[in-house]
Amino acid sequence: MMQFGVIARKFSSSASVQSAIKNVTVIGGGLMGSGIAQVSAQAGQNVTLVDVSPDVLAKAQKSIGANLGRVAKKVYKDKPQEGEKFVAEALGRIKTLTDPVAAAKSADLVVEAIVENMDVKHKLFKQLDEAAPEHTILASNTSSLSINEIASVVKRKDRFGGLHFFNPVPVMRLLEVVKGAETSEATYNAMMAWGKAVGKTCITCKDTPGFVVNRLLVPYICEAIRLYERGDASARDIDIAMKLGAGYPMGPLELADYVGLDTNKFILDGWHKKYPDQPLFKPIPLLNKLVAEGKLGVKSGEGFYKYEKK
Ligand SMILES: CCCCCCCCCCCCC[C@H](O)CC(=O)SCCNC(=O)CCNC(=O)[C@H](O)C(C)(C)COP(=O)(O)OP(=O)(O)OC[C@H]1O[C@@H](n2cnc3c(N)ncnc32)[C@H](O)[C@@H]1OP(=O)(O)O
Ligand SMILES: NC(=O)c1ccc[n+]([C@@H]2O[C@H](COP(=O)([O-])OP(=O)(O)OC[C@H]3O[C@@H](n4cnc5c(N)ncnc54)[C@H](O)[C@@H]3O)[C@@H](O)[C@H]2O)c1
């Protein structure tokens, strides 16, 4: 369970670390993009949040407001008026747009958090590269794709890198900063400083599949699903086992639902295509079935478990 001290420490550290980056554009207003926008605004950055869907943007603003409220309740426990001011000021720093090209024009940093698909990311980054000012750093929050391959369509390869956040962004303290083959030292240093400024502990990763966390996490979740498919244990028992037996905050099937089964599928399909002989990345029929039925986990109301719709 997250303690007040951890939130307060995270909050104060984000307020005290300086970054040259002041204007951040976040593309994709879903699970991750809304969290990245929140922590950036909390740290005093001017944020432009972009999504193709106005409905997603409205939902993102609502959830960011609610999550800022949770932070304010802890940090300004005995000072509710200051808490309200904190929420209003942070929300006031976030503007929303549906046009990525317009949003790139005023950005020092663009963090992309759209669907996990190389072709879609390429199309977006080509546009961003043409529209953004010379100094702008472009970064992807990809879970599983190669940073070098994403960067292959841009001219500014020295000003491109990976910024891999974890879900839920306001709570998870890690940021993987990924150096591509042509990422300059200046870009890497700016990304590290920005990560610290938004309250994260940063680690340096090479552009290897899954970086550090997902290289370990993906095989673990896949094996859990296969265990369940074989009927070796119930979903509930697998999750209880890893929580009580290994001390994880969530079991693997709960975590798969939390991340989103569509995102899980994009990752697995991509790695299977790239490494067809690796048995760990073979398609999982049950996962394909759930996604085809629109059972995407928490965000759609059902995955391995059922959830109340938000
Ligand atoms: C089908 C599978 C096929 C396999 C294919 C491949 C699989 C691929 C899988 C990998 C996908 C990779 C995805 C990505 O690239 C990497 C990731 O992000 S991995 C996910 C990492 N995250 C985790 O592991 C989360 C683990 N869980 C937790 O830490 C906790 O459970 C929780 C989410 C923090 C919730 O904690 P609980 O105690 O259960 O619940 P509470 O509601 O009490 O919350 C605790 C605490 O946090 C505060 N809080 C929660 N959410 C937010 C928020 N959004 N904003 C602000 N604050 C939040 C809450 O208020 C509580 O505070 P407290 O009151 O305790 O101070
Ligand atoms: N879900 C996780 O736990 C998690 C964790 C870390 C990283 N990631 C990565 O973050 C990225 C986003 O994942 P998510 O879970 O937030 O997905 P999501 O489905 O919740 O959100 C993606 C959003 O992008 C929008 N979008 C799609 N194409 C767009 C475009 N061209 N321009 C603007 N908006 C567009 C969609 O409308 C959607 O709202 C993926 O690359 C994923 O691999 C996910």
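Residues numbered from 1 in each chain as written. Chains lettered and ligands numbered in written order. Predicted model: local features only at pLDDT ≥ 70, side-chain atom pairs only at ≥ 80, totals over all residues. Heavy atoms only, no water.

- The name given to the protein chain in an unreviewed UniProt entry is Hydroxyacyl-coenzyme A dehydrogenase, mitochondrial, with the source organism recorded as Loxostege sticticalis.
- The UniProt entry for the protein chain carries this comment under Pathway (unreviewed entry): "Lipid metabolism; fatty acid beta-oxidation."
- What UniProt records for the protein chain under Sequence similarities (unreviewed entry) is the sentence "Belongs to the 3-hydroxyacyl-CoA dehydrogenase family." (UniProt positions renumbered as here; feature names shortened; annotations may be inferred.)

Examining the packing of helix 2 (residues 31–42) against helix 3 (residues 54–75)
Next up, step 1: The interhelical angle for the contact between helix 2 and helix 3, taken along N-to-C directions, is 50°, at an axis separation of 10 Å. Overall, the two elements helix 2 and helix 3 adopt an arrangement that is oblique. Of the two possible hands of crossing, helix 2 and helix 3 adopt the one that is right-handed. Taken together, the residues of helix 3 that come into contact with helix 2 (itself represented by Ser34, Ala37, Gln38 and Gln42) are Ala60, Ser63, Ile64, Asn67, Leu68 and Val71. (Axes fitted to C-alpha atoms, helices over the stretch in contact; angles between N-to-C directions. Helix = DSSP H or I, 4+ residues; strand = E, 2+ residues; numbered from the N terminus. Parallel < 35°, antiparallel > 145°, perpendicular 65-115°, else oblique. Left-handed = near helix turned anticlockwise from the far one by under 90°. Contact = heavy atoms within 4.5 Å.)

With respect to the site of ligand 2
Next up, step 1: As a matter of local geometry, ligand 2 sits amid 21 residues, with Met32, Asp51, Glu116, Lys121 and Ser143 nearest to it.
Next up, step 2: A distance of 2.6 Å is found between an oxygen atom of ligand 2 and a side-chain nitrogen or oxygen belonging to Glu116.
Next up, step 3: Between Val259 and ligand 2, the recorded distance is 2.9 Å, taken from a backbone N or O atom to a nitrogen atom.
Next up, step 4: Here ligand 2 loses 85% of its free accessible area of 840 Å² to cover by the protein chains.
Next up, step 5: In terms of residue class, the shell around ligand 2 is made up of nine nonpolar, eight polar and four charged. (Near = heavy atom within 4 Å. Polar contact = N/O pair within 3.5 Å; in protein donor to acceptor, adjacent residues only side chain to side chain. Areas by Shrake-Rupley, 256 points an atom, 1.4 Å probe, with all protein chains shown as cover. Nonpolar A, V, L, I, M, F, W, Y, C, P; charged D, E, K, R; others polar.)

Overview of the environment of Glu185
Next up, step 1: Following the sequence through the fold, Glu185 ends up in helix 8 (residues 185–197).
Next up, step 2: Take Glu185: its relative accessible area is 47%, and that puts it in the partly exposed class.
Next up, step 3: Considered as a pair, Glu185 and Arg159 are 26 residues apart in the sequence and their alpha carbons are 9.4 Å apart. (Buried < 20%, exposed > 50% of the residue type's maximum accessible area, 1.4 Å probe, protein only.)

Some details on the nonpolar core
Next up, step 1: One finds Ile36, Leu49, Leu109, Leu163, Phe165, Val177 and Trp194 to be the most contacted residues of the largest nonpolar core, which totals 37 residues.
Next up, step 2: Tallying contributions element by element places helix 3 first for this core, with six residues.
Next up, step 3: In contact with Leu49, not counting residues within four places along its chain, are Val26, Gly28, Gly29, Gly33, Ala37, Leu57, Ala60, Ile64, Ile94, Lys95, Thr96 and Leu97.
Next up, step 4: If you look at the next biggest cluster of nonpolar residues, it comprises 23 residues, including Val218, Phe281, Leu287 and Tyr305. (Core = buried A, V, L, I, M, F, W, Y, C linked by side-chain atoms within 4.5 Å.)

Things to note about helix 11 (residues 252–259)
Next up, step 1: Along helix 11, the positions that sit buried rather than exposed are Pro252, Leu253, Leu255, Ala256 and Asp257.
Next up, step 2: The elements touched by buried residues of helix 11 are helix 9 (213–229), helix 10 (235–246) and helix 12 (261–274).

What to know about helix 9
Next up, step 1: Taking 1.5 Å per residue as the helical rise, helix 9 with its 17 residues ought to reach 24 Å, and the 24 Å between its terminal C-alpha atoms agrees with that figure.
Next up, step 2: Gly231 sits one or two positions beyond helix 9 and adopts a positive phi of about 80°. (Expected span 1.5 Å × (residues − 1).)

Considering the environment of Ser144
Next up, step 1: Mapped onto the elements, Ser144 comes out in the loop between strand 5 (137–140) and helix 7 (147–151).
Next up, step 2: For Ser144, a relative accessible area of 8% translates into the label buried.
Next up, step 3: Sequence spacing of Ser144 and Gly251 is 107 residues, and the spatial spacing of their C-alpha atoms is 21 Å.
Next up, step 4: Ser144 has contacts with Glu116, Ile267 and Trp271, leaving out every residue within four places of it along the chain.
Next up, step 5: Side-chain polar atoms of Ser144 contact the side chain of Glu116, separated by 2.7 Å.

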